[in-house]
Amino acid sequence: MVQIDQLTLKNYRSVKQETFQLNPLTILIGRNNAGKSNILRALKLLIEGSARDVSQNDFFDISAPVEIEATVSGIEQILPSLSLVNQTKLGERLTPDNKLNIRKVATLGAQGVQPGKIQVQQPNTGEYDTPTGIDAVLKAVLPEVIHIDVLDDPVEEAAGKTTKPMGKLIGLILDAVQQHAGEGLRQAYTQANRLLNVVTEEVEGVTREVDERIPELRSIESKLTEYTSEGFRDTRVRLKVDFPEAKELLATVSVLVREGGVETGLSFKGHGLQRVFYLSLLRALADQIRSSATATVRPFLLLFEEPELFLHPYAQQLMTAALKTIATQGQVVITTHSPLLVVPDSFSELCIISKETDGASGKTVTRCLSTGKRLPIAGERELLTLLNLQRSCTFLFSDRVLLVEGAGDQHLVTAMLVKLTGKHPSECGLGVVEVEGKDRLPTYKALLESIGLRVFGLVDLDFLWGGGGAGSVLKGSSDHSQFCEALQREAEPELEKITDEEAKRERRKEVFTRLATSKYAGQRDILCAQLKDRGYLVLREGEIEVYVGLGKNAKRLYLPAAREILGGTREVSFLDEIKQIIETVM
């Protein structure tokens, strides 16, 4: 499959300079106005854009050119279908690993905006140029762009024009119809041709014309000949009806909707039904891809902005499944604000888009948080837990994430952050996400880091000696092993007389906490510093409850305590430590 593996934008709209790694299905997700749509427009401009698709507003800095570069793979699969001349012309531009590097440069000068032509890189020199005749070759091998904008006009879309996204999708679906309808249409044309045209037949080696046309047509032709010959003698008029190919017949399919016994055009139904019809088209295309043994001749690139608009949750899930299947035959890039479009199978295809202030210009610029790192090994259960709607709604729209052990920690930490900074964490691009226990925290931290997020873990003191805690993060650390051994040795006299295992665990935690905050506080601080370097922030005095004056059995008191912190009626202890944590994560 032909696809764009990498896209680099320079000086385009909100992008000063950024590189985006693209997959067969790429999900661009982020907050409003982060610049997601600009990436789709850049792809369209690169492949099939013209002068009308670029203006002065598209220049981040009007004193510099716009540069759009892409690395394309899969070209070698199409080369055999080209002429030998074009195979040579394109083949010599492929890199050793069969990649094609292309770019388009737009300039702004006295003559206005010049969009430039597609240039192809010479692998040996690294230089870009536009060889003679390369435009036609690239048109045959680069994907056809189907760009579904957020507010496409239903009136134009429903007309079924092949230049419009809806018409292009219908065209892809009807490819199979065209392939199977050809013979039937030819037979029908033979019959219709005898009614509308003079046909030529050869009988026993003699060629003769046969006129079996309908009388009305012959009568009109006779009158036209009579009137024309009055001015031009010996002139005869013949009417010839040309029959279109199957592809031409299917090129202008109109969409009609019957509702309540009345049939009207889709244009009268508005954007809601239009989006639902788009979903139907995509599901039909996906079904065709699943059942077809042959691939579409020309590759396509589906760019879809906010496909979730006007769709209820179940329909969004259907959309996700359809797009996933379509991406096996054509590349798909979408922008979205919906966590429902992010499922475990597509987690590695996320590209989180954010904005930050550029120090040189003072403007806000689009940034890609995804790093292209390989997704760490994780079970489906872990991904399903992480993609719980409440969690994904938080981390998918954050630049940084603070993982906490449980829901109580989430409420209390958020309240402390708001109280001490005057801002909600989300205002600063920070998402506070609970992970149902410290043992899961390293796994979820690695998963979120794999999609480019900066992730911190806030853990209780017992993380230092817990089974799935610091031992897995500081694996092989002699400081950690000596610390745990010392705590166990000191606590043993107090624990050996306790026979009940549950009571022993509770007592061990109390003793270890007392020792770690007194006699072994120095060793504790060394380990906390090592963990901080790895993104883990340890509450050095024990559990979060200690910092807000709650006792052991305080599960039902977290929300009231959080409200009291915000209202100023509950104090937060160890403020210096809490402020250092806030400074680190904010």
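First, a word on scope: everything that follows refers to the structure included in this document.

What counts and how
Residues numbered from 1 in each chain as written. Predicted model: local features only at pLDDT ≥ 70, side-chain atom pairs only at ≥ 80, totals over all residues. Heavy atoms only, no water. Helix = DSSP H or I, 4+ residues; strand = E, 2+ residues; numbered from the N terminus. Rg over C-alpha atoms; globule rule 2.2 N^0.38 Å. Buried < 20%, exposed > 50% of the residue type's maximum accessible area, 1.4 Å probe, protein only. Contact = heavy atoms within 4.5 Å. Areas by Shrake-Rupley, 256 points an atom, 1.4 Å probe, with all protein chains shown as cover. Lys, Arg positive; Asp, Glu negative; His and termini not counted. Charge placed at Lys NZ, Arg CZ, Asp CG, Glu CD. Pairing = 2+ DSSP bridges. Axes fitted to C-alpha atoms, helices over the stretch in contact; angles between N-to-C directions. Parallel < 35°, antiparallel > 145°, perpendicular 65-115°, else oblique. Left-handed = near helix turned anticlockwise from the far one by under 90°. Core = buried A, V, L, I, M, F, W, Y, C linked by side-chain atoms within 4.5 Å. Phe/Tyr/Trp six-rings, centres within 6.5 Å; stacked < 30°, edge-to-face > 60°. Lys NZ or Arg CZ within 6 Å of the ring centre and 35° of its normal. Disulfide = S-S within 2.5 Å. Nonpolar A, V, L, I, M, F, W, Y, C, P; charged D, E, K, R; others polar. Salt bridge = Lys/Arg side-chain N within 4 Å of Asp/Glu carboxyl O.

### Re the overall build of the protein chain
Part 1 of the reasoning: Broken down by element type, the protein chain carries 21 helices and 21 strands.
Part 2 of the reasoning: Taken over the C-alpha trace, the protein chain has a radius of gyration of 33 Å; the compact-globule value for 586 residues is 25 Å, which it surpasses by more than 25%.
Part 3 of the reasoning: Judged by the C-alpha coordinates and their principal axes, the protein chain covers about 125 × 60 × 45 Å.
Part 4 of the reasoning: Within the protein chain, buried positions represent 45% of all 586 residues.
Part 5 of the reasoning: Here the analysis covers contacts within the protein chain between residues at least 6 apart in sequence; of these, 70% occur between residues at least 24 apart.
Part 6 of the reasoning: Surface accessibility of the protein chain: about 29,700 Å² in total, with carbon and sulfur atoms responsible for 50%.
Part 7 of the reasoning: Positive and negative side-chain charges in the protein chain, numbering 70 and 79 respectively, have mean positions lying 2 Å apart.

### Quick word on the sheet that holds strand β20 (residues 454–459)
Part 1 of the reasoning: Taken in spatial order, the four strands make up an open sheet running β19-β18-β20-β21, and their pairing is parallel. The sheet terminates laterally at β19 (430–434) and β21 (536–538), the two strands that pair on one side only. Here the strands of the sheet are splayed against their neighbours by 25 degrees on average, with no regard to which way each runs.
Part 2 of the reasoning: Relative to β19, strand β18 (residues 400–404) is paired through five bridges, and the arrangement is parallel.

### A few points about the packing of helix α16 (residues 478–495) against helix α17 (residues 501–516)
Part 1 of the reasoning: Orientation of α16 relative to α17, taken along the N-to-C sense of each, is 125 degrees, at an axis distance of 9 Å. Put simply, α16 runs oblique to α17. Both α16 and α17 take part in a crossing whose hand is right-handed. Contact residues: F483, L487, Q488, E490, A491, E494 and L495 in α16; K504, R507, R508, V511, F512, R514, L515 and A516 in α17.

### Here we look at the nonpolar core
Part 1 of the reasoning: If you look at the biggest cluster of nonpolar residues, it comprises 79 residues, and the most contacted ones within it are F347, F395 and L448.
Part 2 of the reasoning: The biggest single contributor to this core is helix α9 (residues 270–291), with seven residues.
Part 3 of the reasoning: When neighbours within four sequence positions are excluded, L448 is seen to be in contact with F347, L386, F395, V401, L403, L453 and V455.
Part 4 of the reasoning: If you look at the next biggest cluster of nonpolar residues, it comprises 46 residues, including L7, L79, A106 and V141.

### Side note on the packing of aromatic side chains
Part 1 of the reasoning: Counting across every chain of the model gives three aromatic pairs.
Part 2 of the reasoning: Summarising the aromatic geometry, the rings of W465 and F512 are spaced 5.4 Å apart at their centres and angled 80 degrees between planes, so their arrangement reads as edge-to-face. Of this pair, W465 sits in the loop between β20 and α15 (470–473) while F512 sits in helix α17, and the two are 47 residues apart along the sequence.
Part 3 of the reasoning: W465 gets classed as buried once you look at its relative accessible area, which sits at 17%.
Part 4 of the reasoning: Residue classification places F512 among the buried positions, given a relative accessible area of 4%.
Part 5 of the reasoning: Positioned above the aromatic ring of F60 is the side chain of K363, whose terminal nitrogen or guanidinium carbon lies 4.6 Å from the ring centre.

### Some thoughts on the sheet that holds strand β16 (residues 350–357)
Part 1 of the reasoning: Taken together, the six strands give an open sheet; going across it, the order is β9-β14-β15-β3-β16-β17, and neighbouring strands pair in mixed fashion. Single-partner strands in this sheet number two, and they are β9 (144–148) and β17 (364–368). Strand-to-strand twist of the sheet, defined as the mean angle between neighbouring strand axes without regard to direction, takes the value 20 degrees.
Part 2 of the reasoning: Inspection of the sheet shows β9 paired to strand β14 (residues 300–305) by five bridges, in the parallel sense. When the bridges of β14 are listed, I146 appears paired with L302.

### A look at the state of the cysteines
Part 1 of the reasoning: All told, the structure shown has zero disulfides when counted by the stated rule.
Part 2 of the reasoning: The cysteine C368 is free of any disulfide, with C351 supplying the nearest cysteine sulfur at 3.3 Å.
Part 3 of the reasoning: When its relative accessible area of 9% is taken as the criterion, C368 is described as buried.
Part 4 of the reasoning: For C484, which is in no disulfide, the shortest distance to another cysteine sulfur is to C528 and amounts to 12 Å.

### Describing the packing of α16 against helix α18 (residues 521–533)
Each pair of packed helices can be summarised by the angle the axes make with each other and by the distance between the axes.
Part 1 of the reasoning: Axis separation between α16 and α18 bottoms out at 10 Å; the angle between their running directions is 145 degrees. The two elements α16 and α18 cross, and the hand of that crossing is left-handed. Contacts between α16 and α18 involve D479, H480 and F483 from the first element and Q523, R524, I526, L527 and Q530 from the second.
Part 2 of the reasoning: Looking at the contact of α16 with α18 residue by residue, the classes come out as three nonpolar, three polar and two charged.

### Quick look at the pattern of salt bridges
Part 1 of the reasoning: Considering all chains together, one arrives at 34 salt bridges under this definition.
Part 2 of the reasoning: Taking the shortest distance from any N to any O, the salt bridge between D58 and R13 comes out at 2.7 Å. Of this pair, D58 sits in the loop between α1 (36–48) and β4 (66–73) while R13 is found in the loop between β1 (3–12) and β2 (15–21), placing the two residues 45 residues apart along the sequence.
Part 3 of the reasoning: Note that R540 is salt-bridged to D525, the shortest N-O span being 2.9 Å. Here R540 is found in the loop between β21 and α19 (544–548), whereas its partner D525 is found in helix α18, with 15 residues between them in sequence.
Part 4 of the reasoning: Overlapping salt bridges, with partners in common, bring together E405, K438, D462, K509 and E543 in one network.

### Things to note about unusual backbone geometry
Part 1 of the reasoning: Of note, N11 is a non-glycine position whose phi angle comes to about 65 degrees, a positive value.
Part 2 of the reasoning: Overall, N11 belongs to the buried group, its relative accessible area being 6%.
Part 3 of the reasoning: Phi angles above zero are rare outside glycine, and F574 is one such case at about 55 degrees.
Part 4 of the reasoning: Among the secondary structure elements, F574 is positioned in the loop between α20 (558–567) and α21 (575–585).

### Some points on the pairing of β4
Part 1 of the reasoning: Burial within β4 is extensive, with eight of its eight residues counted as buried.
Part 2 of the reasoning: Side chains of β4 alternate between two faces, with V66, I68, A70 and V72 and E67, E69, T71 and S73 buried alike.
Part 3 of the reasoning: Examined bridge by bridge, β4 and strand β5 (residues 100–109) share seven bridges and lie antiparallel to one another. Opposite E69, over in β5, you have R103 as the bridge partner.

### Looking at the environment of R258
Part 1 of the reasoning: When you line up the elements, R258 lands in strand β12 (residues 256–259).
Part 2 of the reasoning: Since its relative accessible area comes to 56%, R258 is described here as exposed.
Part 3 of the reasoning: With 49 residues separating them along the chain, R258 and P307 place their C-alpha atoms 24 Å apart.

The quantities given are spatial measurements derived from coordinates; they are silent on function.
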